[in-house]
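Letter by letter, the chains look like this.
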Amino acid sequence: MDKIISFNNRTFQNIFKSGKSYGNKLLVIYYVSNGLDYNRLGITVSKKNGNSVVRHRVKRLIKESYRLNDKKFVKGYDIIFIARVGIENSSYCEVQSALKHLMKKNNLLEK
RNA sequence: UGAGUAAGUCAGAUGAUCGCCGGUACAAAACCGCAAGGUUGUACGGGAGGAAAGUCCGAGCUCCGUAGGGCAGGGUGCCGGGUAACACCCGGUGGAGGCAACUCUAAGGCAAGUGCAACAGAAAGCAAACCGCCACCAAAAUGCUUUGCAUUUUGGCGGUAAGGAUGAAACGGUGAGGUAAGAGCUCACCAGCGGAUAGGUAACUAUUCGGCUAGGUAAACCCCACCUGGAGCAAGACCAAGAACGGACACAAAAAGGCAACUGCCCGUUGCUGUCCAAUGGUAGGUCGCAUGAGUUUACUGGCGACAGUAAACCUAGAUAGAUGAUCAUCUAAUACAGAACUCGGCUUAUAGAUUUACUCACAUA
RNA sequence: CGAGGUGUAGCGCAGUUUGGUAGCGCACAUGGUUUGGGACCAUGGGGCCGAAGGUUCGAAUCCUUUCACCUCGA
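What comes next is a walk through the structure.

What counts and how
- Every chain is numbered on its own, with residues counted from 1 as its sequence reads.
- As they are written, the chains are lettered A onward and the ligands numbered 1 onward, keeping that order.
- Only residues with pLDDT of at least 70 get local features here, since the model is predicted, and only at 80 or more are side-chain atom pairs given and counted; chain-wide, interface and lining totals rely on the full set of residues.
- With hydrogens and water excluded, all non-hydrogen atoms of the structure serve as input to the side-chain values.
- In this description, a nonpolar core means a group of buried Ala, Val, Leu, Ile, Met, Phe, Trp, Tyr and Cys residues linked to one another through side-chain atoms lying within 4.5 Å.
- Only protein chains enter the accessibility calculation, which uses a 1.4 Å probe; a residue is then buried when its area is under 20% of its type maximum, exposed when over 50%, and partly exposed in between.
- Numbered from the N terminus, helices here are DSSP runs of H or I no shorter than four residues, and strands are runs of E no shorter than two.
- Any two residues having at least one pair of non-hydrogen atoms within 4.5 Å are treated as being in contact.
- Any two strands are treated as partners once DSSP identifies two or more bridges connecting them.
- The axes are straight lines fitted to the C-alpha atoms, using for helices just the contacting stretch, and the angles between their N-to-C directions are given from 0 to 180°.

Across soluble globular proteins, nonpolar side chains have a tendency to be buried as a group. One finds Leu27, Ile29, Ile62, Phe81 and Met103 to be the most contacted residues of the largest nonpolar core, which totals 22 residues. Those elements that provide at least two residues to this core are strand S2 (27-33), strand S3 (40-45), helix H2 (52-68), strand S4 (77-83) and helix H3 (92-105). Tallying contributions element by element places H3 first for this core, with five residues. In this structure, Phe81 is in contact with Leu27, Val28, Ile29, Leu41, Gly42, Ile43, Thr44, Ile62, Tyr66, Leu99, Leu102 and Met103, ignoring residues within four places of it in sequence.

This is how it looks when you write it as structure tokens:
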């Protein structure tokens, strides 16, 4: 199992500027091709979602959803997920299906 | 059985798979970084709370110039005890509430001084009198038994604070005597003040005597007693790397003056300092601080209790964008408030549900 | 994590020290002025002073607790 690789603040800004975006009720995705043979993942949870414990739980849920479905995804992209308000009341199942839905819509799932 | 009071306990459990954080042992000598340093794999065992919260108090610890004296400022405030300390806790006293179990209580001093009380009311502390009540004097009117007496009205000069009206509050309260009318003027009871005696470490309580009166407000200034230097782990220490340390004028030194993380002022004390110009570093480096402590559990002893002492056993999170989650199964009442960030002792606030013990009242039965 | 500050009308602010009437500007409504509008003039409405307790006869103000928001500290 590969470790989940993150990136620095400058890369975040670049992806927000140049990446493609798409959203559903719980999540927003930004992604851009990075020219590498692995994916890099970033997660943003706003202060509006709750205090630090709630935010961290949301981060873990997203990370877990990504990790367990890692092998199904196309490699070579930088991906950012943004949590929208309301996600803090959702269960793991809902988060996972929302994430899969976004990946499928953007053709990042391997056949 | 119902209603209630007080003190506690628990805060899902077990198993399986995957994942996160750090510890120990072994392995590897590869990777990242200029360096200080960090990273990897396997095995073993560990990993949030009763409030971890609010940051409202108190301490340890660290630095600030020595941590000194006085004033100011701030805090506490019935009494005694506990504690490292406290605004906390325990036991008691007074007051308030409740049928009761019991609960609540910032509860020193307005008889040191100053201030305040809108509106209303005559008057809101210092003795005064608006409507009143009463005596005396004068005038007028009326009546009668006509040198006079009685009643009423008006004016004057006094006595009084019973009654009325206002207000949150009106100069002790109620009753009786007393008086021209009244008044602690006198008496009884009650409240309050001062003294004595007895009990108690004390707050205070009980009894008794005295003089009859001293308004409220100190979470108003203030007085009294006691306490109090400031900032905070982003405190602070070490390591690594990098940058700068220049010029002009004046010049013996000292003094004076100035500057200095310490809320204000004064004194004392320490260090630096001739003036001007120019220039420079930094906000994502690493390690420690950082988990053995006023520690936890059990037993015994002392104490009404808070707590203290002795002995034995135990080691129980330590991150630095910040660790506890996901899925399945079984049991179940299990769904609340909520997540350590230097560490303790308290307080306050939030909180689903389950459960234990003691006690009070009401009803029923025996 | 620590330290500090602010909550008053739709918006921006006074008033809190020293407790008794809640005020100012803009905005809003009505009327006047103008051919009409703007500007201007006059009048008016709108507040349980962030929330809950306490002290007091009486609290925006004093005390305690609590909830939001903002600023600063390597």
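As summarised here, the arrangement of the four strands in space is S1-S2-S4-S3, forming an open sheet in which the pairing is mixed. Each having just a single partner strand, strand S1 (20-23) and S3 make up the two edges of the open sheet. Pairs of neighbouring strands in the sheet enclose a mean axial angle of 15°, with direction left out of account. Strands in contact with H3 are S1, S2 and S4; relative to S2, the strand with the most contacts, it is inclined by about 40°.

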